[in-house]
Amino acid sequence: MRGLVRAGSPRAAALAALGAEAAPGDLKDAASVEAACRGATTVISTATSTASRRGGDSLETVDRTGQLTLVEAARRAGVRRFVYVSVSPNLPADNPLVRYKREVEAALRASGLGWTILQPSCLMEVWFSPAVGWDVAAGKVRVYGRGDAPISYISIGDVAELAVLAATRPEVEGRVLPLGGPAPVSQLEAVRIFEEAAGRRLKVQHLPVPVIRALSLLIRPFDPITSSLMALGAAVAGGDAIAMGTLLREFPVGLVSVHDFARTLRADVDAPRRRA
Ligand SMILES: NC(=O)c1ccc[n+]([C@@H]2O[C@H](COP(=O)([O-])OP(=O)(O)OC[C@H]3O[C@@H](n4cnc5c(N)ncnc54)[C@H](OP(=O)(O)O)[C@@H]3O)[C@@H](O)[C@H]2O)c1
């Protein structure tokens, strides 16, 4: 097992602990990508510039060109299966991030490689975090739009488990797999679940969809990443439900629910208190 790792990546130690060999490189550096693919049978690509960025990283250089470079390098190296982590099929391609994701999906399908495309809904670890204004520790959460539309929040660990499945099972080759949690939950239902787990009321701030859309368009020329993330916020305000029944009958994975996730956060919050 080998992981493409940038020098100084905070994830390098975790990869090493898993027993993965580090292939130093960067998606913007074609030679390093070629070297990382040499001798590989399977590639799983999750990289994105949306949160973890360095100089020169952008949606254009990483999420588009970098991913296309990786697909081409994998093809040349004779890789047998390429698993690409994209985004939910429900998201409109009205912003650069989703447009590039769909472009890479199309390139992969046309590449001649064996492929599986994963299309996860909102990751719990991201959408229930202060990074998007969901700050349970501070007692306040941000809700996109009215907050009453169902969203199939999924935990990162479950996407990882399904990615391994996609990399190893012949029956998922050539398939696009939309991924969600065990049951869709609206943002307001999630607020109630977190309130119950935290044992306290949370202050809810609603961001009106027309305002998010207008801001997204306004900042697009000089900040395509924030603009795209706002467009995603506006899109999920309208819901992002993904039916998992058929896939779960085929592959019975025990998916983490929003209740489970909120309870884990409670355990994390309580742990320092218990230690004190
Ligand atoms: N957030 C969501 O709700 C959501 C929903 C659906 C799909 N997804 C997709 O799921 C995937 C994982 O998302 P995430 O939130 O877990 O991402 P993340 O934590 O921000 O991780 C992104 C990774 O990409 C790497 N990376 C960035 N630029 C790179 C470059 N130039 N060369 C090589 N590696 C580079 C980063 O490396 P360093 O460690 O060196 O910084 C980091 O390890 C992404 O493809 C995302 O689009 C996310």
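Since the model is a prediction, treat every value here as computed from it, not as a measurement. (Residues numbered from 1 in each chain as written. Predicted model: local features only at pLDDT ≥ 70, side-chain atom pairs only at ≥ 80, totals over all residues. Heavy atoms only, no water.)

**Q** For this particular structure, what's the right way to read the site of the ligand?
**A** In the region of the ligand, 26 residues are neighbours, and Ser 9, Thr 46, Ser 52, Lys 101 and Trp 127 sit closest. The contact in question runs from an oxygen atom of the ligand to an N or O atom on the side chain of Arg 11, over 3.0 Å. Out of a free accessible area of 920 Å², the ligand has 85% covered by protein chains. Partitioned by chemical class, the residues of the shell around the ligand number 13 nonpolar, six polar and seven charged. (Near = heavy atom within 4 Å. Polar contact = N/O pair within 3.5 Å; in protein donor to acceptor, adjacent residues only side chain to side chain. Areas by Shrake-Rupley, 256 points an atom, 1.4 Å probe, with all protein chains shown as cover. Nonpolar A, V, L, I, M, F, W, Y, C, P; charged D, E, K, R; others polar.)

**Q** Honestly, the side chain of Ser 228 in this entry has me stumped. Any pointers?
**A** Along the chain, the position of Ser 228 falls in helix H9 (residues 224–237). Take Ser 228: its relative accessible area is 1%, and that puts it in the buried class. Of the polar contacts made by the side chain of Ser 228, one reaches the backbone oxygen of Pro 224; its length is 2.8 Å. Dropping the residues within four chain positions of it, Ser 228 is found in contact with Leu 59, Asn 95, Pro 96 and Leu 97. (Helix = DSSP H or I, 4+ residues; strand = E, 2+ residues; numbered from the N terminus. Buried < 20%, exposed > 50% of the residue type's maximum accessible area, 1.4 Å probe, protein only. Contact = heavy atoms within 4.5 Å.)

**Q** What is the right way to read the pairing of strand E2 (residues 21–24) from this model?
**A** Note on strand geometry: in a regular strand, side chains alternate between the two faces of the sheet. As paired elements, strand E1 (residues 2–5) and E2 share four bridges and run parallel to each other. Within E2, the position partnered with Gly 3 by the bridge is Ala 22. (Pairing = 2+ DSSP bridges.)

**Q** Help me understand helix H8 (residues 209–219) in this model?
**A** An α-helical turn contains 3.6 residues, so any two residues separated by three or four positions project in the same direction. Looking only at H8, the buried set comprises Val 209, Ile 212, Ser 216 and Ile 219. Viewed end-on, H8 has its buried residues packed into an arc of 110°, placing them on one side of the element. Facing away from the buried side of H8 by more than 90 degrees, the exposed set consists of Pro 210, Leu 217 and Leu 218. Lining the buried residues of H8 we find strand E7 (140–144), strand E11 (203–207) and H9. (Arc of directions from axis to C-beta.)

**Q** Please explain the sheet that holds strand E4 (residues 81–85) as it appears in this structure.
**A** The pairing of strands in a sheet happens through backbone hydrogen bonds and is either parallel or antiparallel. Within the open sheet, the four strands sit side by side as E3-E4-E5-E9. Their pairing is parallel. Looking at which strands have only one partner, the edges of the open sheet turn out to be strand E3 (42–45) and strand E9 (175–179). The sheet shows a mean angle of 15° between the axes of neighbouring strands, direction not considered. (Axes fitted to C-alpha atoms, helices over the stretch in contact; angles between N-to-C directions.)

**Q** Looking at this structure, how should I read the environment of Leu 15?
**A** Examined against the element boundaries, Leu 15 turns out to sit in helix H1 (residues 12–17). Given the relative accessible area of 27%, Leu 15 is considered partly exposed. Residue contacts for Leu 15: discarding those within four places in its chain leaves Gly 3, Val 5 and Ala 20.

**Q** Is there a simple way to think about the packing of H8 against H9 in this case?
**A** Each packed pair of helices is defined by two parameters, the angle between the axes and the distance between the axes. Relative to each other, H8 and H9 sit at 160°, their axes nearing to 8 Å. On the basis of the axis angle, H8 is roughly antiparallel to H9. Regarding H8 and H9, the two cross each other, and that crossing is left-handed. Seen from H8, the contacting residues are Val 209, Ile 212, Arg 213, Leu 215, Ser 216 and Ile 219; seen from H9, they are Thr 226, Ser 227, Met 230, Ala 231, Ala 234 and Ala 237. Per-class residue counts for the contact of H8 with H9 are eight nonpolar, three polar and one charged. (Parallel < 35°, antiparallel > 145°, perpendicular 65-115°, else oblique. Left-handed = near helix turned anticlockwise from the far one by under 90°.)

**Q** Sorry if this is basic, but what is going on with helix H3 (residues 59–77) here?
**A** End to end, H3 covers 25 Å across 19 residues, agreeing with the expected 27 Å (1.5 Å per residue, within 8%). In H3, a bend of some 30° at Gly 66 exceeds every other bend along the element. Among the residues making up H3, those that are buried are Leu 59, Val 62, Asp 63, Gly 66, Gln 67, Leu 70, Val 71, Ala 73 and Ala 74. Contact partners of the buried residues in H3: helix H2 (30–37), E3, E4, helix H4 (96–110) and H9. One or two residues past the end of H3 sits Gly 78, with phi positive at roughly 75°. (Expected span 1.5 Å × (residues − 1). Bend = angle between axes of the 7 residues up to and from the residue.)

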